[in-house]
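The residues making up each chain are set out below.
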Amino acid sequence: MSGLQHPAKRLPLYGLMAEFNSSDALIAAAHRVHDEGFTKVDAFTPYPIEEVSEALGHHRSKLPGIVLGGGILGGIGGYLLQYWTQVIVYPMNVGGRPVHSWPAFIVPTFETTILGAALAAVFGMFFLNGLPQPYHPVFNVPRFAMASRDRYFMVIESKDPKFDLEATRRFLSELNASEVTEVAR
Amino acid sequence: MATLDQGGLPAPLPKPYKPPIVAPGHTTASVTDKISEVVLQRTPKWWFLGFAVSFSLLMVFLVSVTWLLVKGVGVYGINWPIGWGFDIINFVWWIGIGHAGTLISAILLLLRQEWRTSINRFAEAMTLFAVACAGMYPLLHLGRPWLFYWLLPYPNTMNLWPQFRSPLIWDVFAVSTYATVSALFWYVGLVPDLATLRDRSTNRVARIVYGFGAMGWRGSAAHWHNYETAYLLLAGLATPLVLSVHTVVSFDFAIGIIPGWHATIFPPYFVAGAIYAGFAMVLTLAIPLRHLFKLEDFITTRHLQNMGKVMLATGLIVVYGYMTELFFAWYSGNTYEMFMAWNRVFGPYRYHWYMLIACNAVVPQFLWFRRVRTSPLWLFAISMVVSVGMWLERFVIIVTSLHRDFLPASWGLYHGTIWDWGTFIGTMGLFLTLFFLFIRFLPTISIFEMRTIVPGSHGGEYTEVPR
């Protein structure tokens, strides 16, 4: 119950953080929390655990669509760049061959397609994840530094409609959490 | 790694037992501590020595490039008919080395080769640094390197545009795309590890610097979900890309109607050679690295042996390429093709060719023996020999194809000058300097991916060790 002594307790609360010692405990807790109807929940793990994302209801990522779009834009852009420069603004007659020599344009088109898709994948991922994000309330909990080592955390936000400080704290303690802490905003 | 499985693929069949890819007894905590310790501890003495030597070599590069800029490309040994000398030899050599990183991180990821996890980070770093070295050469070879941006299509007052039908422009696109995508792939892989270093370093400056790099990463399940998707998609994109880069490099030769260059075998033969040279360089770096940082628990004998096997396989493809070149020279019935092959084997550069065969075709055959494949010393020696052999291969392809062309009146000979060698040794200095900085300041092994493969973790869907 060390969380009650948190110096920032007078500030509006961001949520409650539960700490787990094992990934199994976190996965079980994620299922329970989801079944209980909490929606503003996030889990924090040192490495990707698919079961946790699944349990919290992250099924489809928007990223593949963004990457497809990036690839198509890159490909069309690359081809049009070549068509415009080689056929329209700077046509060069090489031995009477056609200026629209599309087989030669395939190689740069391939490269710009990959480039567009890869840029979309990286920046799309950062955009969807809201990164870079210099400040986040979870870092107010000192033990959260262990989230990048071997501890597993879960946060239920106070803006969740089902959130109730005491009831939620009791609920989290029942889920085999080793510690439940209040997270200052 | 890559727990993403949206396509509903069937679960992989249980695999036969293999030795573990991480030494027994490790947990998510111990791999985190052991790998981040390398960065967070005091700098070891050998690092200063290694860095000093590398940095001195980098100064050789500085001197060579300065002299080049003062005097022009005349300081190099290039002449007519050998217009492509060390610059292109070294360009192809370095870019070939730069293939192993993306191959390991992308193709082996898609092929579910979990052992890649211990070596992908520094192999990717090696890729980036090798591409940086490679990129120097075409620019320095331009004669007026400060006008390199003329290679790029941009609106300009001269109303000129690049010639997109030229393989040299394809090369600009292939190499710059490869450098960009490799850098992004590497950085994306680093983000969770930078967060680990941010959380674990006690030094305030280090916390701020790693914190900037980590961009506020906090390991959120929602983030991991997008992250895994991005990582897998990047691997899928990098796979055709890495194969395309050396293909395009081979087009620089194959599109030209020069006997010895104008061959359809070139793309696959170049790609195999690139993987061969790349794995040789990964071994050259991995063997001292695991010893000095005491990372034998993570880069195990199994890793070394697997890399030895890849080298042997790609080496055999390369030897097949040599045989095909000779066969088709004879089979073509073309005087000039046949003369090129004869000249390669018996001409003034015959000793280069003999050395090439000894280094690339004969010595790697020792890798058939398990005793050799499991011995770090033997592997180190063989990978050095292969690196020399691959350099000789590019020398033979470029110089012997150019030096005696169709008209005996225009024949000539070529050798590198001291400035050619200075630039070459100098880029080795650049490469090693960057590598020493990398091993000092960034985790040499991907920490978060190692967490997924330790026994008992839930991350690895393809975990080979019993859970």
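What counts and what doesn't
- Residues numbered from 1 in each chain as written.
- Chains lettered and ligands numbered in written order.
- Predicted model: local features only at pLDDT ≥ 70, side-chain atom pairs only at ≥ 80, totals over all residues.
- Heavy atoms only, no water.
- Helix = DSSP H or I, 4+ residues; strand = E, 2+ residues; numbered from the N terminus.
- Contact = heavy atoms within 4.5 Å.
- Areas by Shrake-Rupley, 256 points an atom, 1.4 Å probe, with all protein chains shown as cover.
- Lys, Arg positive; Asp, Glu negative; His and termini not counted.
- Charge placed at Lys NZ, Arg CZ, Asp CG, Glu CD.
- Buried area = accessible area lost by both parts, 1.4 Å probe.
- Salt bridge = Lys/Arg side-chain N within 4 Å of Asp/Glu carboxyl O.
- Polar contact = N/O pair within 3.5 Å; in protein donor to acceptor, adjacent residues only side chain to side chain.
- Nonpolar A, V, L, I, M, F, W, Y, C, P; charged D, E, K, R; others polar.
- Axes fitted to C-alpha atoms, helices over the stretch in contact; angles between N-to-C directions.
- Parallel < 35°, antiparallel > 145°, perpendicular 65-115°, else oblique.
- Left-handed = near helix turned anticlockwise from the far one by under 90°.
- Pairing = 2+ DSSP bridges.
- pLDDT = per-residue confidence, 0-100.
- Buried < 20%, exposed > 50% of the residue type's maximum accessible area, 1.4 Å probe, protein only.
- Phe/Tyr/Trp six-rings, centres within 6.5 Å; stacked < 30°, edge-to-face > 60°.
- Lys NZ or Arg CZ within 6 Å of the ring centre and 35° of its normal.
- Core = buried A, V, L, I, M, F, W, Y, C linked by side-chain atoms within 4.5 Å.
- Expected span 1.5 Å × (residues − 1).

Student: Describe the overall build of chain B, listing the residues and the values that go with them.
Tutor: Counting secondary structure elements, chain B contains 16 helices and zero strands. With the principal axes as the frame, chain B shows a C-alpha extent of 70 × 50 × 45 Å. Within chain B, contacts between residues at least 6 apart in sequence are counted, and of these 81% link residues at least 24 apart. About 18,600 Å² of surface is accessible on chain B, with carbon and sulfur atoms providing 72% of the total. Mean positive and mean negative side-chain charge positions of chain B (30 and 21 charges, respectively) differ by 6 Å.

Student: An account of the interface of chain A and chain B is requested, with residue identities and associated values reported.
Tutor: By a frequent convention, interface size equals the accessible area lost on bringing the separate parts together. Tallying the contact residues gives 65 residues for chain A and 63 residues for chain B. Contact between chain A and chain B buries roughly 5,500 Å² in total, counting both sides, with carbon and sulfur atoms accounting for 65%. In this structure, the connection of chain A to chain B is made through one salt bridge. As a salt-bridge pair, D33(B) and R149(A) come within 2.5 Å of each other at their nearest N and O atoms. Across the chain A-chain B interface, the total number found is 27 residue pairs in polar contact (both at pLDDT 80 or more). Listed by contribution, the elements that provide at least two residues to the side of chain A that touches chain B are α1 (23-36), β2 (41-44), α2 (50-55), α3 (63-89) and α4 (102-128) of chain A. Take the side of chain A that touches chain B: its biggest share by element is 18 residues, from α4(A). Here the side of chain A that touches chain B is built from residues that sort into 42 nonpolar, 15 polar and eight charged.

Student: Run through the packing of helix α6 (residues 167-200) of chain B against helix α8 (residues 221-254) of chain B, naming residues and quoting values.
Tutor: Residue and element names in this part refer to chain B. Interhelical geometry of α6 versus α8 gives an angle of 155 degrees and a closest axis separation of 9 Å. Comparing the axis directions of α6 and α8 gives the class roughly antiparallel. The interaxial crossing formed by α6 with α8 has left-handed handedness. Taken together, the residues of α8 that come into contact with α6 (itself represented by P167, L168, W170, D171, A174, T177, Y178, V181, F185, V188, G189 and P192) are W224, Y227, Y231, L234, A235, L241, V242, V245, V248, V249, F251 and D252.

Student: Please set out the sheet that holds β2(A) residue by residue, giving values where relevant.
Tutor: For sheets, the rule is that strands pair by backbone hydrogen bonds, running either parallel or antiparallel. All names here are of chain A. On the basis of which strands lie adjacent, the open sheet formed by four strands has the order β2-β3-β1-β4 and antiparallel pairing. Across the chains shown, the open sheet's two edge strands, defined by having one partner strand only, are β2 and β4 (179-184). Going from strand to strand, the sheet's axes swing by 25 degrees on average, the running direction of each strand aside. Bridge count for β2 against strand β3 (residues 152-157) is four bridges, and the pairing is antiparallel.

Student: Can you break down the packing of helix α10 (residues 301-332) of chain B against helix α11 (residues 335-346) of chain B residue by residue, with the values?
Tutor: Residues and elements named next belong to chain B. Put simply, α10 and α11 touch, their axes get as near as 7 Å, and they point 140 degrees apart. Between α10 and α11, the interaxial angle falls into the category oblique. Relative to α11, α10 is oriented so that their crossing is left-handed. Every residue of α11 that contacts α10 at E325, L326, A329, W330 and S332 is listed here: E337, M338, A341, R344 and V345.

Student: Go over the confidence of the model for chain B with me, naming the residues and quoting the values.
Tutor: When pLDDT drops low, the exact placement of atoms in the prediction is not to be read closely. All names here are of chain B. For chain B, the average pLDDT comes to 88, and 93% of its residues sit at 70 or higher. Across chain B, the secondary-structure element scoring lowest on mean pLDDT is helix α4 (residues 100-110), at 83, and the one scoring highest is helix α12 (residues 350-362), at 95. Contacts of residues 460-467 to residues separated by more than four positions or lying in other chains number 28 contacts, the stretch itself having pLDDT below 50.

Student: Hey, could you go over unusual backbone geometry for me, with residue numbers and the actual values?
Tutor: Of note, the amide linkage connecting L131(A) to P132(A) takes the cis form, showing an omega dihedral of -5 degrees. Within the fold, P132(A) resides in the loop between α4 and β3. For the bond from W80(B) to P81(B), the omega torsion is 10 degrees, close enough to zero to count as cis. Topologically, P81(B) is positioned in the loop between α2 (45-71) and α3 (86-97). Phi angles above zero are rare outside glycine, and K294(B) is one such case at about 55 degrees. With respect to the helices, strands and loops of the structure, K294(B) is situated in the loop between α9 (266-292) and α10.

Student: Requested: an account of the pattern of salt bridges, with residues and values cited.
Tutor: Under the definition given, this model contains 14 salt bridges over all chains. Linking E166(A) and R169(A) is a salt bridge whose minimum nitrogen-to-oxygen distance equals 3.9 Å. Residue E166(A) and its partner R169(A) are both found in helix α5 (residues 165-174); the two are separated by three residues, about one turn of the helix. Judged by its relative accessible area of 42%, E166(A) is partly exposed. On the basis of relative accessible area, R169(A) is assigned to the buried category, the value being 3%. Measuring nitrogen to oxygen at the nearest pair gives 3.9 Å for the salt bridge that ties R394(B) to E393(B). Comparing R394(B) with E393(B) shows no difference in burial state: the two are buried. Overlapping salt bridges bring together E19(A), R143(A), R149(A), D150(A), R151(A), D33(B) and R200(B) as one network.

Student: An account of the pairing of β4(A) is needed here, citing residue identities and associated values.
Tutor: Residues and elements named next belong to chain A. Burial analysis of β4 places five of its six residues in the buried class, which makes it a mostly covered element. In the sheet, strand β1 (residues 13-20) pairs with β4 via six bridges, with the strands oriented antiparallel. Looking at β4, one finds that L16 is bridged to E182.

Student: Quick rundown of the packing of aromatic side chains? Include the residues and the values.
Tutor: Scanning the entire structure with this criterion turns up 65 aromatic pairs over all chains. Between W93(B) and W94(B), the aromatic rings sit 5.0 Å apart at their centres with planes inclined by 70 degrees, giving edge-to-face as the arrangement. Side by side, W93(B) and W94(B) carry an identical accessibility label, which is buried. Across the ring face of F38(A), the terminal group of K162(A) is positioned such that the distance to the ring centre comes to 5.8 Å.

Student: Residue-level account of the nonpolar core, with values.
Tutor: The biggest cluster of nonpolar side chains holds 148 residues, and the ones touching the most others in it are W94(B), F122(B), M126(B), F253(B), M311(B), F431(B) and F438(B). The element best represented in this core is α9(B), accounting for 17 residues. In terms of nonpolar packing, the next biggest core, distinct from the first, is built from 28 residues, A30(A), A55(A), F163(A) and A221(B) among them.

Student: Which residues make up α2(B), and what are the values?
Tutor: Residues and elements named next belong to chain B. An ideal rise of 1.5 Å per residue puts 39 Å on 27 residues; α2 measures up with 40 Å between its terminal C-alpha atoms. Residues of α2 that are buried include every one of W47, G50, S54, L58, F61, S64, V65 and L68, and no others. Looking at the buried positions of α2, the neighbouring elements they touch are α5 (120-141) and α15 (418-441). At the C-terminal side of α2, G72 shows a positive phi close to 95 degrees.

Student: Before we move on, could you go through α5(B) and cite the residues and values that matter?
Tutor: Residue and element names in this part refer to chain B. In a regular helix each residue adds 1.5 Å, so 22 residues correspond to 32 Å; α5 covers 32 Å between its end C-alpha atoms and thus fits that length. The element α5 is extensively covered by neighbouring structure, given that 17 of its 22 residues are classed as buried. Two residues or fewer past α5, G143 is found with a positive phi of approximately 95 degrees.

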